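# Inside the fold
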Amino acid sequence: MFDSNDLGKQYDMYHKWRELKSEKEYYEANIASVKKDRAELLSSPALLEKFAREKYLMKRPGEDVFVLVPKEEE
């Protein structure tokens, strides 16, 4: 009879642990990058405006925005 700690379960749990550990490292690196970018944006109004215009296509009143999308090759 197999219990909850048999070899198959231990193997599956170990691989899940490794996967979660690598995800944790990925997210920790992203958090550091986002914090750095946020600090830069909040310190400079010009950078904040540039970010808003590029990322969210924001514009000033009376201004027209044109978005150029590269043509996909077939």
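Before going into details, it helps to say that this report is about the structure given with it. (Residues numbered from 1 in each chain as written. Predicted model: local features only at pLDDT ≥ 70, side-chain atom pairs only at ≥ 80, totals over all residues. Heavy atoms only, no water.)

### Some thoughts on the environment of glutamate 25
Quick note on the threshold: Put simply, DSSP marks the helices as runs of H or I at least four residues long and the strands as runs of E at least two long, and each gets a number from the N terminus on. Exposed residues in this analysis have more than 50% of their type's maximum accessible area, buried residues have under 20%, and partly exposed residues fall in between, with area computed by a 1.4 Å probe over protein chains only.
As for its position among the elements, glutamate 25 is in helix 1 (residues 7-43). Judged by relative accessible area, glutamate 25 falls into the partly exposed class, the value being 49%. In the structure, glutamate 25 is positioned eleven residues away from tyrosine 14 in sequence and 17 Å away in space, judged by C-alpha atoms.

### Here we look at the layout of surface pockets
To keep it simple, the criterion reads: Here a cavity denotes a set of grid points, spaced 1 Å apart and computed over the protein atoms alone, in which a 1.4 Å probe fits but from which it cannot get out, and a pocket denotes an open set meeting protein on both sides within 12 Å along at least five of seven lines; residues with an atom within 4 Å of a point are reported as lining. Grid points are joined across faces, edges and corners, and a volume is the space filled by probe spheres set on the points.
For the largest pocket, the calculated volume is near 190 Å³. Contributing to the lining of the largest pocket are Val34, Asp37, Arg38, Glu40, Leu41, Leu47, Lys50, Phe51, Glu54 and Lys55. When contributions to the lining of the largest pocket are tallied by element, the ones reaching two or more residues are helix 1 and helix 2 (45-56).

### Quick word on unusual backbone geometry
Even without a glycine there, the phi angle at leucine 57 is positive, about 55°. As for its position among the elements, leucine 57 is in the segment after helix 2.

### What to know about the pattern of salt bridges
Note the cut-off: By salt bridge we mean one thing: a side-chain nitrogen of Lys or Arg within 4 Å of a carboxyl oxygen of Asp or Glu.
One pass over the structure, following the stated rule, counts six salt bridges. For the salt bridge of glutamate 49 with arginine 53, the shortest nitrogen-to-oxygen distance reads 2.9 Å. Taken together, the residues glutamate 49 and arginine 53, both in helix 2 and four residues apart, mark about one turn of the helix. Judged by relative accessible area, arginine 53 falls into the partly exposed class, the value being 25%. As a salt-bridge pair, lysine 50 and glutamate 54 come within 3.7 Å of each other at their nearest N and O atoms. Taken together, the residues lysine 50 and glutamate 54, both in helix 2 and four residues apart, mark about one turn of the helix.

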